[in-house]
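Reading the structure
Residues per chain are reported as follows:
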Amino acid sequence: MKFAMDHVPFWRKPKLITGRDSLKKLPDMLKRKGFRNVMLVTDPGIASLGLHEPLVQWIREEGIQCVVYDKTTANPTIANVEEALQLYKENGCHALIAFGGGSPMDCAKGVGARVARPHKKIQSMRGELKIWKPIPLLVAIPTTSGTGSETTLAAVLTDEKTHEKYALNDFVLIPKYAVLDPVLTRGLPPHITATTGMDALTHAVEAYIGKSNTKETIEDSVSAVKLIFKNLEKAYQNGEDMEARENMQKASFLAGAAFTRAYVGYVHAIAHSLGGEYGIPHGLANAVILPYVLEAYGSSVYISLAELADIVKIGQHLESDQEKANAFIAEIKAMNQRMGIPDKLDGILEDDIDMLAKRAAKEANPLYPVPKIMKKDQLKEIYYQIRR
């Protein structure tokens, strides 16, 4: 995978539309490019607040038809994709706009995959490079700062029948454009700011400590970690701090770019199993799981975590890599505590742990370039540790 990612010619970053109130630039861009019928994908929470309505109005004022799919669930399902696809077809749409957090983006990517491959079901596109044909224009507009889905090649979907959560990974799923408008994140509740921000930190850390890094992914990971440590708690404490909001959007984008090439690890594998089985929000799961998995990696991550500790000036009085690594993990726990994120998760059934660990082990190995491969029994221990 590392060899492929270093040499593949198709990897790219989305074109960025950035800055405060930059969302207003999108309708004119769509008009200039000749789009006359688009579908906006969002979720019930955003729809109930009407956050997407100004954009829909601006698009329609440019003479472009815009239909809205607003039923995306927190862990988007195959059923969501199929329902949105039907709406897309019925209205003769030619482009997709994902408006929201990672869930609407993943749903929109799933729709794009089905448009590109109309005779393939989502289940048969699971895994690596199963789409391979261009999807319709996809514009990603994040309203949280965490998932990084606006820059990734992944669509993470849940099979509502089996409760499995898995990814479609293909370069064609990388959005063409990403609109990073910090004004859209101003109204985020503090707990969503916290968990999505720790989601971004998880992406950056897992990319950095993995074994499939490039010079660029290291730079992106380091930049993201710096931005998160400097800005996340500021945004949590004061949602009107637009500089912190803007920097967290940058961090999320950079962390997403890093893990698109360098991949993630066992934190995500475990979080996906919990999201698929119980619907636990992905950012919350990652925030809780991250320190437990880093501890389980042990000596395999001492050097890399010590480097991150030095970068963010944690444990500067300490001498050994092990001490610095432990100080970095301790600071993650402290950040969670300061932002009201629990240290354990509710709802994990003991009878399910063997099945969950089996799913996580299957997802992570051989796909993820983890610092250390863990067996199912080692993963089971982590589930017991995070279970309240």
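Computed from a predicted structure; not experimentally measured.

**Remarks on the overall build of the protein chain**
Secondary structure assignment for the protein chain yields 15 helices and nine strands. For the protein chain, whose C-alpha radius of gyration is 20 Å, the value lies close to the compact-globule estimate of 21 Å for 388 residues. Along the longest, intermediate and shortest principal axes, the C-alpha atoms of the protein chain span 65 × 45 × 40 Å. Burial analysis of the protein chain (388 residues in total) assigns 59% to the buried set. Sequence separation of at least 24 residues holds for 79% of the intrachain contacts in the protein chain that already meet a minimum separation of 6. Of the roughly 15700 Å² of accessible surface on the protein chain, 51% is carried by carbon and sulfur atoms. In the protein chain, which carries 48 positive and 46 negative side-chain charges, the distance between the mean positions of the two groups comes to 6 Å.

**What to know about the packing of helix H8 (residues 215-237) against helix H9 (residues 242-262)**
With their axes 8 Å apart at the nearest point, H8 and H9 run at an angle of 150° to one another. By the criterion of interaxial angle, the relationship of H8 to H9 is roughly antiparallel. Crossing hand, H8 versus H9: left-handed. Taken together, the residues that form the contact of H8 with H9 break down as 13 nonpolar, five polar and seven charged.

**Some thoughts on the packing of aromatic side chains**
Inspection of the entire model under this criterion finds three aromatic pairs. For the ring pair Phe-229 and Phe-328, a centre distance of 5.7 Å and an interplane angle of 35° mean the geometry is tilted. Residue Phe-229 is found in helix H8, and its partner Phe-328 is found in helix H13 (residues 321-338); the two are separated by 99 residues along the sequence. Accessibility assignment for this pair places Phe-229 and Phe-328 in one class, buried. Pairing Tyr-266 with Tyr-297 gives two aromatic rings, centres 6.2 Å apart and planes at 50°, and the pair type is tilted. Linking Tyr-266 in helix H10 (residues 266-278) with Tyr-297 in helix H11 (residues 282-297), this pair joins segments that are 31 residues apart in sequence.

**Notes on the state of the cysteines**
The tally for this structure, following the rule as stated, stands at zero disulfides. With no disulfide partner, Cys-66 has as its closest neighbouring cysteine sulfur the one in Cys-93, 8.0 Å distant. Of the residues examined, Cys-93 reaches a relative accessible area of 6% and is grouped as buried.

**As for the packing of helix H7 (residues 190-209) against H9**
For the pair H7 and H9, interaxial distance at closest approach is 8 Å and the crossing angle is 35°. The way H7 lies across H9 gives a crossing that is left-handed. Residues Thr-193, Gly-197, Ala-200, His-203, Ala-204 and Ala-207 of H7 form the contact with H9, whose own contacting residues are Arg-245, Met-248, Ser-252, Ala-255, Ala-258, Phe-259 and Ala-262. In terms of residue class, the contact of H7 with H9 is built from eight nonpolar, four polar and one charged.

**Some details on the sheet that holds strand S3 (residues 65-69)**
Two orientations exist for strands paired in a sheet by backbone hydrogen bonds: parallel and antiparallel. A sheet is described by the order of its strands in space; here six strands give the open sequence S1-S9-S6-S4-S2-S3, paired in parallel fashion. Here the strands that pair on one side only, and so sit at the sheet edges, are strand S1 (15-18) and S3. Taking each pair of neighbouring strands and ignoring which way they run, the sheet shows an average axis angle of 20°. Here strand S2 (residues 37-41) pairs with strand S4 (residues 95-100) via four bridges, running parallel. Opposite Leu-40, over in S4, you have Ile-97 as the bridge partner. This element, helix H4 (residues 53-61), spans S2, S3, S4 and strand S6 (137-142) of the sheet and lies at about 155° to S3.

**Here's the deal with the environment of Met-242**
Residue position: Met-242 is located in helix H9. Along the backbone, Met-242 and Val-183 are 59 residues apart, and their C-alpha atoms lie at a distance of 7.4 Å.

So, how was this worked out
Residues numbered from 1 in each chain as written. Predicted model: local features only at pLDDT ≥ 70, side-chain atom pairs only at ≥ 80, totals over all residues. Heavy atoms only, no water. Helix = DSSP H or I, 4+ residues; strand = E, 2+ residues; numbered from the N terminus. Rg over C-alpha atoms; globule rule 2.2 N^0.38 Å. Buried < 20%, exposed > 50% of the residue type's maximum accessible area, 1.4 Å probe, protein only. Contact = heavy atoms within 4.5 Å. Areas by Shrake-Rupley, 256 points an atom, 1.4 Å probe, with all protein chains shown as cover. Lys, Arg positive; Asp, Glu negative; His and termini not counted. Charge placed at Lys NZ, Arg CZ, Asp CG, Glu CD. Axes fitted to C-alpha atoms, helices over the stretch in contact; angles between N-to-C directions. Parallel < 35°, antiparallel > 145°, perpendicular 65-115°, else oblique. Left-handed = near helix turned anticlockwise from the far one by under 90°. Nonpolar A, V, L, I, M, F, W, Y, C, P; charged D, E, K, R; others polar. Phe/Tyr/Trp six-rings, centres within 6.5 Å; stacked < 30°, edge-to-face > 60°. Disulfide = S-S within 2.5 Å. Pairing = 2+ DSSP bridges.

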